[in-house]
Amino acid sequence: ADEVEELQIQEDQVEQPEPQQEILEIEVEKLSDKGEETDLDLDLTGIDATAKLGDEVVLQVDEKNNNIAVENADRDLDQDLESLEVNNEIQNQNDNQDIDEVKTVLVLQETELSFDKLYLDGVIAYEDQLWYSCASKIERAIKDYKNYKSVLTNCRLNCSKGLRSYKLSNLTVNIPEYASYVKFLTLADCYRRCKNETLKTHPKITKKLETAFELRKPYMYLQYCNYKLDRFSQAASAAYTYYLANPDDPDTTKNIVFYRDTVKVPEDDFIDLEMLPYKEYYIRGLHAYKTEQWKDVIYWIEQCLDDYWKQDEKCNANCDAHGEITSHDFATTVANLIIGLLNCRIQCEDKLSTVYTEPIPFFLRDLYHYLQFSYFQESEFEKSAEVAETFLLFSPSHEVMEKNKEVLQQKLDQIHSEFTPRQDGADYVKRRQETYDFMDFLVKNYKYSDRLDEFDVTEEEQDPRQSSEGQEQTSSGKSENWLDKYEKLGMHIIAKSGDLNREERFVIDGLLKENQCTETLNLIQDVIELPSGAYEFNFKLSQKKLLENPSEEFETLLRHLIRAVEYIQHYAQVYRNSEITLFIKKTSIICWKDLEDPDINQDCYPQEDGSCIQFNDFPDSLHPDYFTTVTYLNAVENGDFQFLNENGDVDSSFGVKCGRTVGFNSADRLRVKVPRKGAQRCALVVRYSTHMEDIEVDLHELLRLLHQVDELRYNQTKEDAAVVLKRFEDKGVKVIKTAEDLKGEERFAAEGLATDEQCEILRNVALLLLDGYVQSYGLRMLLERSEEARLFVEKYFNLTKPLFFEYTHLVCRTAINDSNTDRQDLSHPVHGDNCILQPDGTCTHDFPAFTQRHYSALLYLNSDFEGGEFFFAHPNKTEQVSIHPKCGLLVGFNASSLHGVKAVLKGQRCALAMWYTLNPTFKEITHIQARKLLEEKEAQEKLEKEHDEL
Ligand SMILES: O=C(O)CCC(=O)C(=O)O
Ligand SMILES: [Fe+2]
């Protein structure tokens, strides 16, 4: 009995890893089906030539009358015939063959049709609406591309492992310099030969074509052509496959929803057609884990690991093709190629950790955790110990695993002995470490002098048109472009590295707006005091608060904070102009207040991270792996930030204010001036590392929590669209213009969303807002009407995900001069609300556009003015249809629709303008705050009223 109990207790001590979950983020809209159905329905007798390359095709003389075959005969076959060898010989090479069974056989030879040509043909077939041909060509293109890629990879692997013979291996040279070249020459020769011998086709590839395949573009065509062929599960899988590589593409998410909700393709039929085996095993393993089928977990996760190593080897081998040639100088070119190669190898782990659309943190390491736990459950303690030890190579002294290890040591009676980790895992960790160290060294000692090479540019001049469209560019071009964009958004750089003596330092203004600072300061009510006397708020604390007291305001504030952090991270990354990713290592808000205890802080230097250190404790040199940004949240007199030099003297110093951001190496010397009595000096401090394993777990955990909060809230508020729309109808809301009337998709105009009285109140609110004073009934009206409008848009467009306010404002436009009524200019030029209209008429959804805005609506408040028509526009900015506003009229549309407002000629035009988003990260905070304010005001007014009545 003793033993049983012991077992119980120990098992409880073993903690389980949290399974990662990925939930499809899907936007909703109907599948846009361009034009009428145009399927041919010719009743002809065709030949079935639906075979793939390499198949034998027997000419069938039976009647077949499906239009697929017709289409095939029509076009597909004609084209293929050029590359077919018609093998009319009777198949009698084999003497034993019975003559009666002889058939005429067409052999499709694997000849010239390579993926480049197939893809092009597929696209042409798509344009010609030859759906069958399109689908089959694209499928073949994809297959050929896969084959092509795998040949290249295998050649690389086989050559580097010496599995192929080298023709050049007899080459002997005596000059040492030449000897060092021989290795590369033999490898290159082997690779070239291998390719020529094994490639079945000889595609002509351009960078553009390769990118198209890497971004899974062929699946976009495959999806549509299969859809037209009514092959819905195949179409759904193609759409899903495309989505995974392009999760931000709104059309694809729409399509997925269409297949899922309208066509009712079962969830399991959405298959990632590019899925690598280990990912599938991982998913199975995780499923088993959730259902506590330990044997299955072991089986699948072991399989997963096996295949992972193979894919990792391939990923590493393919990095050979990663370098960029940026110089004419031999040694510089080789050095740059090596850096490109290492960089690429470092990214393999991230790449392979992406099972869905985002890398799963600690993917590889946690495979060992799943195994460790499952082996334990199956009482295979030795194996459990082995994988525990392997896990610890990835994260030495990981608390949970250390505990588990102790349990295992007791179980196995090996109290003080170490276990032996797995060889493959150990090798991996070692190689990874070496690669990191190598790269670190290079970054420190070689790459840092990068800017010295600025004149060594061999690239062609960029086509300026291309660069404005955000095409691929050299890394330096890219960041300059970004900095320009940031500058346009009001993020003004006030001091850069040149001014600040140290390479990485910068100071910018305008990273946060005044209200963002105020909001963020509102967050920091629960803080912890640090030994230095400073106060800290962090994501760990916020998780706690979110769980204990889940207010929507706090939750939204947190989302805003996370967004701000991501923004700052991006700025820092771009500023450093480094290809090395900065991972967020730790985010905190640090407030220095005047210190009650004057002894603290006497002889140490207060730091932005809330510590206070001795001068001697400053590191001797900068550390290239760590970077810090500090974004101030309030203006403080006498709370300067000071960069110090080697002697501890002030090098440069800055006053602090909301939005000012300082970036510097984490090992840089600096000092914070602690504010005077009564003041507090708060800043958002983000520390970064170039190592992925340093990534802030609390941030991920918080994101997961926020996601859960969303799901929960949403599931509580879901309501059927038809029911809601009926309710609107009963209240007198009527759609007076549909998408068709308004000549575009996802547009409507409805009347009855506000009464004359409500309009009047809102107009007054608009005017009162100018003075910053609104009475509660005005505020209530504003919230009520905007909520009705939001709900109507959500339900009218039949969105299956909730629509959130992103930005709301009341705006009145007044005619400049009432007498001037022949103006032709626009009050608001033609634009899309979430994209930037380019001169060629396309509207690009790029930074700095508000790409998070998915839908827009305007609730008009009056009609007693002249001009001021709202209109939808063509890409060339000419008018499509126009609408004259009136009270209660709601115009709703997809935020990408181009539109404008004509000049107001006479009088004043008032409207409540609203932008909505499907992404809860962008929820409007002021809306939530206004609701809170209203509650407070109403309570106060009630009190006053009671008081009056007394
Ligand atoms: O006021 C209107 O009718 C439209 C305004 C608008 O399009 C905008 O502010 O983006
Ligand atoms: Fe607009």
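Since we're looking at a predicted model, the values are computed, not measured. (Residues numbered from 1 in each chain as written. Chains lettered and ligands numbered in written order. Predicted model: local features only at pLDDT ≥ 70, side-chain atom pairs only at ≥ 80, totals over all residues. Heavy atoms only, no water.)

Peer 1: Looking at this structure, I do not really get the pairing of strand E15 (residues 680–689). What am I missing?
Peer 2: A regular strand places its side chains on the two faces of the sheet in alternate fashion. Within E15, 8 of the 10 residues are buried, leaving the element largely enclosed by the surrounding structure. One ladder, built from 10 bridges, connects strand E7 (residues 583–593) with E15; its direction is antiparallel. Within the sheet, the bridge partner assigned to Lys586 lies in E15 and is Arg687. Here 7 bridges tie strand E10 (residues 626–632) to E15, and the two strands are oriented antiparallel to one another. Among the inter-strand pairings, Phe627 is bridged to a residue of E15, identified as Tyr688. (Buried < 20%, exposed > 50% of the residue type's maximum accessible area, 1.4 Å probe, protein only. Helix = DSSP H or I, 4+ residues; strand = E, 2+ residues; numbered from the N terminus. Pairing = 2+ DSSP bridges.)

Peer 1: Explain the environment of Gln775 to me, please; I cannot follow it from the model alone.
Peer 2: Tracing the sequence through the fold places Gln775 in the loop between helix H24 (756–769) and helix H25 (776–796). Overall, the relative accessible area of 37% leaves Gln775 in the partly exposed class. In sequence terms Gln775 and Lys937 are 162 residues apart; their C-alpha atoms lie 8.4 Å from each other.

Peer 1: Looking at this model, I keep getting lost on the packing of helix H11 (residues 294–318) against helix H13 (residues 363–377). Mind explaining?
Peer 2: It is at 9 Å that the axes of H11 and H13 come closest, and there the two elements cross at 150 degrees. On the basis of the axis angle, H11 is roughly antiparallel to H13. As H11 runs across H13, the sense of the crossing is left-handed. Of the residues in H13, those in contact with Trp294, Val297, Ile298, Ile301, Glu302, Cys304, Leu305, Tyr308 and Trp309 of H11 are Phe363, Leu364, Leu367, Tyr368, Tyr370, Leu371, Phe373, Ser374, Tyr375 and Gln377. (Axes fitted to C-alpha atoms, helices over the stretch in contact; angles between N-to-C directions. Parallel < 35°, antiparallel > 145°, perpendicular 65-115°, else oblique. Left-handed = near helix turned anticlockwise from the far one by under 90°. Contact = heavy atoms within 4.5 Å.)

Peer 1: Even after reading the chapter, I still don't get the state of the cysteines, so can you show me in this structure?
Peer 2: Linking two cysteines covalently via their sulfur atoms produces the bond known as a disulfide. Throughout the structure, instances matching the rule amount to 11 disulfides. Each disulfide pairs two cysteine sulfurs, and for Cys155 the partner residue is Cys194, the sulfurs being separated by 1.9 Å. Measuring handedness by torsion sign, the sulfur bridge of Cys155 and Cys194 sits at about -80 degrees and is left-handed. Of this pair, Cys155 sits in helix H4 (residues 131–160) while Cys194 is found in helix H5 (residues 176–198), placing the two residues 39 residues apart along the sequence. (Disulfide = S-S within 2.5 Å.)

Peer 1: Looking at this structure, how should I read the packing of aromatic side chains?
Peer 2: In this description, an aromatic ring pair is defined by two values, namely the gap between the centres and the angle between the planes. This structure, assessed with the given rule, holds 59 aromatic pairs. Taking the centre distance of 6.1 Å and the plane angle of 35 degrees together, the rings of Tyr308 and Phe363 count as tilted. Remark: Phe363 occurs in helix H13 and Tyr308 occurs in helix H11; sequence separation between them is 55 residues. One exposure class covers both Tyr308 and Phe363, and it is buried. The interplanar angle of 50 degrees and the centroid separation of 5.3 Å between the aromatic rings of Trp309 and Tyr428 together place this pair among those described as tilted. A residue pair is termed long-range when its members are at least 10 positions apart, and Trp309 in helix H11 and Tyr428 in helix H16 (residues 423–445) qualify at 119 residues. On the basis of relative accessibility, which here comes to 17%, the residue Trp309 falls in the buried class. (Phe/Tyr/Trp six-rings, centres within 6.5 Å; stacked < 30°, edge-to-face > 60°.)

Peer 1: Is there a simple way to think about empty space enclosed by the protein in this case?
Peer 2: Think of a ball as big as a water molecule: rolled over the atoms, this probe shows where empty space is left. Going through the model one piece at a time under the given rule, you end up with 1 cavity of 30 Å³ or more. Taken together, Leu512, Gln516, Glu519, Thr520, Leu523, Leu557, His560, Leu561 and Ala564 form the lining of the largest cavity. Only helix H19 (514–523) and helix H21 (552–576) provide two or more residues apiece to the lining of the largest cavity. Here the residues of the lining of the largest cavity sort into 5 nonpolar, 3 polar and 1 charged. (1 Å grid on protein atoms, 1.4 Å probe; cavity = no way out; pocket = protein on both sides within 12 Å on 5 of 7 lines; lining within 4 Å. Points joined across faces, edges and corners; volume = space filled by probe spheres on them. Nonpolar A, V, L, I, M, F, W, Y, C, P; charged D, E, K, R; others polar.)

Peer 1: I tried to follow the site of ligand 1 on my own but got confused; where do I start?
Peer 2: Neighbouring ligand 1 are Arg813, His828, His831, Asp833, Leu858, Tyr860, Phe870, His899, Val901, Arg909 and Trp915. At a separation of 3.0 Å, an oxygen atom of ligand 1 approaches a polar side-chain atom of His831. The contact in question runs from an oxygen atom of ligand 1 to an N or O atom on the side chain of Tyr860, over 2.6 Å. The fraction of the free accessible surface of ligand 1 (290 Å²) that becomes covered by protein chains is 94%. Mapped by element, the contributors of at least two residues to the shell around ligand 1 are strand E19 (826–831), strand E22 (855–860), strand E27 (899–902) and strand E29 (908–917). (Near = heavy atom within 4 Å. Polar contact = N/O pair within 3.5 Å; in protein donor to acceptor, adjacent residues only side chain to side chain. Areas by Shrake-Rupley, 256 points an atom, 1.4 Å probe, with all protein chains shown as cover.)

Peer 1: Please clarify how helix H6 (residues 207–214) should be interpreted in this entry.
Peer 2: Residues separated by three or four positions in an α-helix point in the same direction, a consequence of the helix having 3.6 residues per turn. Considered for burial, the residues of H6 that qualify are Leu209, Ala212 and Phe213. Along the long axis of H6, the arc covered by the buried residues comes to 95 degrees, so they all point the same way. Turned more than 90 degrees away from the buried face of H6 sit Lys207 and Lys208, all of them exposed. On the buried face of H6, the contacting elements are helix H3 (115–127), H4 and helix H7 (217–228). The positive-phi residue at the C-terminal boundary of H6 is Arg216, with phi of around 65 degrees. (Arc of directions from axis to C-beta.)

Peer 1: I tried to follow the sheet that holds strand E11 (residues 636–644) on my own but got confused; where do I start?
Peer 2: Taken together, the 3 strands give an open sheet; going across it, the order is E12-E11-E14, and neighbouring strands pair in antiparallel fashion. Each of the sheet's edge strands pairs with one partner strand only, and the pair in question is strand E12 (650–656) and strand E14 (670–672). Going across the sheet, the axis of each strand differs from the next one's by a mean of 20 degrees, ignoring polarity.

Peer 1: Honestly, the environment of Leu889 in this entry has me stumped. Any pointers?
Peer 2: Note on placement: Leu889 falls in the loop between strand E25 (879–883) and strand E26 (890–894). We classify Leu889 as buried; its relative accessible area is 2%. When the C-alpha positions of Leu889 and Leu861 are compared, they lie 7.7 Å apart, and in sequence the two are 28 residues distant. Those residues in contact with Leu889 that sit more than four places away from it in its chain are Ile736, Ala749, Ala750, Glu751, Leu858, Leu859, Tyr860, Ile883 and His884.

Peer 1: Whenever I open this one, the nonpolar core confuses me. Can you help?
Peer 2: With 47 residues, the main nonpolar core has Phe115, Tyr119, Ile138, Phe213, Leu222, Tyr259 and Phe270 as its most contacted residues. Counting only elements with at least two residues in this core, the list comes to H3, H4, H5, H6, H7, helix H8 (232–245) and helix H9 (250–262). Per element, the largest residue contribution to this core is 13 residues, and it comes from H4. In this structure Ile138 touches Tyr119, Gly122, Val123, Pro218, Tyr221 and Leu222, once residues within four positions along its chain are discounted. With 40 residues, the next largest nonpolar core counts Tyr486, Met491, Tyr575 and Val686 among its residues. (Core = buried A, V, L, I, M, F, W, Y, C linked by side-chain atoms within 4.5 Å.)

Peer 1: What is the right way to look at the sheet that holds E26 in this model?
Peer 2: Think of a sheet as strands paired side by side through backbone hydrogen bonds, with each pair either parallel or antiparallel. Reading across from one edge, E16-E17-E26-E22-E29-E18 is the order of the 6 strands in this open sheet, with antiparallel pairing throughout. Since the sheet does not close on itself, it has two edges, and those belong to strand E16 (734–737) and strand E18 (804–814), each with one partner. Strand-to-strand, the axes of this sheet are offset by a mean angle of 25 degrees, without reference to chain direction. As defined by bridge partners, E18 adjoins E29 across 10 bridges and the pair is classed as antiparallel. When the sheet's bridge partners are listed, Thr814 is paired in E29 with Gln908. Strands E16, strand E17 (747–751), E18, E22, E26 and E29 of the sheet are contacted by H25, whose axis makes an angle of about 55 degrees with E29.

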